[in-house]
Amino acid sequence: EAAYRSSGRPARISFEERFLELEAFKKKFGHCDVRMNTYPDFKSLAWWCANIRASYREFQVKGKSQVLTKDMIKRLNDIGFLWSIFTVSRAFE
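Notes on the structure in this doc start here.

Basis of the calculations
Residues numbered from 1 in each chain as written. Predicted model: local features only at pLDDT ≥ 70, side-chain atom pairs only at ≥ 80, totals over all residues. Heavy atoms only, no water. Phe/Tyr/Trp six-rings, centres within 6.5 Å; stacked < 30°, edge-to-face > 60°. Helix = DSSP H or I, 4+ residues; strand = E, 2+ residues; numbered from the N terminus. Buried < 20%, exposed > 50% of the residue type's maximum accessible area, 1.4 Å probe, protein only.

### Focus on the packing of aromatic side chains
Okay, so step 1: Tallied over the entire structure, the rule returns nine aromatic pairs.
Okay, so step 2: Between Phe-25 and Tyr-39 the ring centres are 5.0 Å apart and the planes differ by 85°, which places this aromatic pair in the edge-to-face class. A residue pair is termed long-range when its members are at least 10 positions apart, and Phe-25 in helix α1 (residues 15–29) and Tyr-39 in the loop between α1 and α2 (43–62) qualify at 14 residues.
Okay, so step 3: Classification of Tyr-39 as buried rests on a relative accessible area of 10%.
Okay, so step 4: Seen from their ring centres, Phe-25 and Phe-42 are 5.1 Å apart, and the 85° between their planes marks the pair as edge-to-face. One end of the pair, Phe-25, is in helix α1; the other, Phe-42, is in the loop between α1 and α2, with 17 residues separating them in the sequence.
Okay, so step 5: Through successive ring pairs, a cluster of aromatic residues spans Phe-25, Phe-29, Tyr-39 and Phe-42.

Geometry only, nothing functional implied.
Written out as structure tokens, the structure is:
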């Protein structure tokens, strides 16, 4: 699943690549609620989503983020990204 550098560490996947993966996930499942315990085949995408949420909290507190831009936030909002997984309750499928 992950590409590896010669050092043996995973190569960093770009925002655009992960965003496209999230769009494909939404097309398949109808939502952007990617959780490791519910979708173990999407563990790396779930980690990315968790990191994006942490970066968003940084953006809210500091007004900037080392990871997110306003354009990225808008794009994620436009596809229905969940900024907090604790405020959403969905029926089991």
